[in-house]
Amino acid sequence: MDYYNPEDLKRFSDVGEFGKDLMDKFFEYYNSATGEEGALTKREKALIALAVAHTEKCPYCIDAYTTQCLETGADPEQMTEAVHVAASMSAGIKLIHAIQMRNTLEKNRAL
Amino acid sequence: MAQEKTKTNNHNFSRKLIDQGLDIDPITVQTLQVNITKLCNQACTHCHVDSSPWRTEQMSLESVDRCLEILSENDCIKNLDLTGGAPELNPHFDYFVREARSLGKHVMVRHNLTVTLDGNPRTGEEKMYIPGFFAENRVEVISSLPYYSSYFTDKQRGEGVFEKSIESLRMLNQEGYGDGELKLNLVYNPVGTFLPPDQGSLEADFKEKLKKNYGIRFDNLYTLTNMPINRFEKELKKQNAYEEYIEKLVNAFNPEAVDGIMCRNLLSVSHDGKIYDCDFNQMLDMQCRNGNGGLTIFNFDLQKATKRKIRFGVHCFGCTAGGGSSCGGQTVS
């Protein structure tokens, strides 16, 4: 049994076998939000999605949005920068929790 | 077995047209695209012609003259589109351009930029005169530049190609190219197994970055899809990615891209005078039929040429994927 088989991405719509109405609504929302030009270009959206794919650690999305970035004209330098934004945000989010640690240290009169 | 049959049908371009109720017949012959040499100073990874410094095929003077006769006898053929290899490396190139211009034809040259600086890889002959020659003959220059920075360009076309291309573009700009009067168009094709981005938005990026970083001006950007034939096909197969790429092209079939595909208005001539529906069919040796034989520049007949049946293969999905792809770039606005 393989987890995260790349072929499985093509079967995403199978999730709608039960609860089709909900999946249809999801796909409509998803395709509008990620795949259409709006105030953001398709390339900007693809770079955001690539960054989110990394923070969410989704191999399907990393495959899909690496290609989408290339097909919207992004280059490896821009894509790597997007991943660094994601990675540094993740690190920052973890580090800001150290304030909570410090609050507890203070409460325990350890600081 | 049934699954295999479905796959074969899906990959059958003629079947796809029938299923979609579409018909692709020639409209006219507006452009004669002539591949006058397979010799090139570069050996790019995607090249569907398999051109390189080691190729020796050249169009003869007799064939060049016959092409000129065809241009002269047929008013509907307005454009001569010279390609290769590096077409400037054919010994009769300058003559061909001058004579076609004197017939009042619009001449386009698929110019790889670096040949100006590299010269002839076999003879060492210099080619620095090219930008001036183009300007003097008011040639439309169409040049490959896979990206506005060196990474993708050098990866596809070889180490140092981007830097040389920029130098050559500057020389063309100095001759007055890129300001609308003398046309300088650039061609983007993906460096790998993905489809080209939207032509309009990429053109805006190219213009901004090339101007800002290098002071380069050009007129239009054409985005082209990589054809899964010859060198690119071998590369895909080596990476076990051929089927996946074909599937991508088939899935991206866009009926709206059909109208503008080049084989409806163009004929492609090989260095040995054979005629094809397009440069890709030429490389696959799918010559236009003429009764029991093949159509050539020596038995050319415009009526027959416009009544011919276009020959299709799986590679045709490359011209109809997404925004479409032709020698003039995207076919869907």
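Calculation rules
Residues numbered from 1 in each chain as written. Chains lettered and ligands numbered in written order. Predicted model: local features only at pLDDT ≥ 70, side-chain atom pairs only at ≥ 80, totals over all residues. Heavy atoms only, no water. Contact = heavy atoms within 4.5 Å. Buried area = accessible area lost by both parts, 1.4 Å probe. Salt bridge = Lys/Arg side-chain N within 4 Å of Asp/Glu carboxyl O. Polar contact = N/O pair within 3.5 Å; in protein donor to acceptor, adjacent residues only side chain to side chain. Buried < 20%, exposed > 50% of the residue type's maximum accessible area, 1.4 Å probe, protein only. Helix = DSSP H or I, 4+ residues; strand = E, 2+ residues; numbered from the N terminus. Pairing = 2+ DSSP bridges. Right-handed = clockwise from strand over helix to strand, strands pointing away. Arc of directions from axis to C-beta.

J.: Kindly report on the interface of chain B and chain A, identifying the contributing residues and their values.
T.: Contacts between the two partners involve 14 residues from chain B and, on the opposite side, 10 residues from chain A. Carbon and sulfur atoms make up 51% of the surface buried where chain B meets chain A, a total of about 830 Å² over both sides. Summed over the shared surface of chain B and chain A, the result is 2 salt bridges. One salt bridge connects B:Lys248 with A:Glu71, and the closest N-O pair in it is separated by 2.9 Å. Viewed at the interface, chain A and chain B are joined by 5 residue pairs in polar contact (both at pLDDT 80 or more).

J.: So what's going on with the pairing of strand S1 (residues 31-35) of chain B? Which residues, and what values?
T.: Residue and element names in this part refer to chain B. Most of S1 sits inside the fold, with 5 of its 5 residues counted as buried. What you see with S1 is no split at all: Thr 31, Gln 33 and Asn 35 on one side and Leu 32 and Val 34 on the other are buried throughout. Direction of pairing for S1 relative to strand S2 (residues 79-83): parallel, over a ladder of 5 bridges. If you follow Asn 35 over to S2, its bridge partner there is Thr 83. Read as a crossover between parallel neighbours, the route from S1 over helix H3 (residues 61-73) to S2 is right-handed. In terms of strand pairing, S1 meets strand S7 (residues 266-269) through 4 bridges, oriented parallel. Paired with Thr 31 across the bridge in S7 is Leu 266.

J.: Go over helix H11 (residues 242-251) of chain B with me, naming the residues and quoting the values.
T.: An α-helix turns once per 3.6 residues; consequently, residues spaced three or four apart project the same way. All names here are of chain B. Along H11, the residues classified as buried are Tyr 242, Tyr 245, Ile 246, Leu 249 and Val 250. The buried residues of H11 occupy an angular sector of 135° when projected down its axis, which confines them to one face. Opposite the packed face of H11, turned more than 90 degrees from it, sit the exposed residues Glu 244 and Asn 251.

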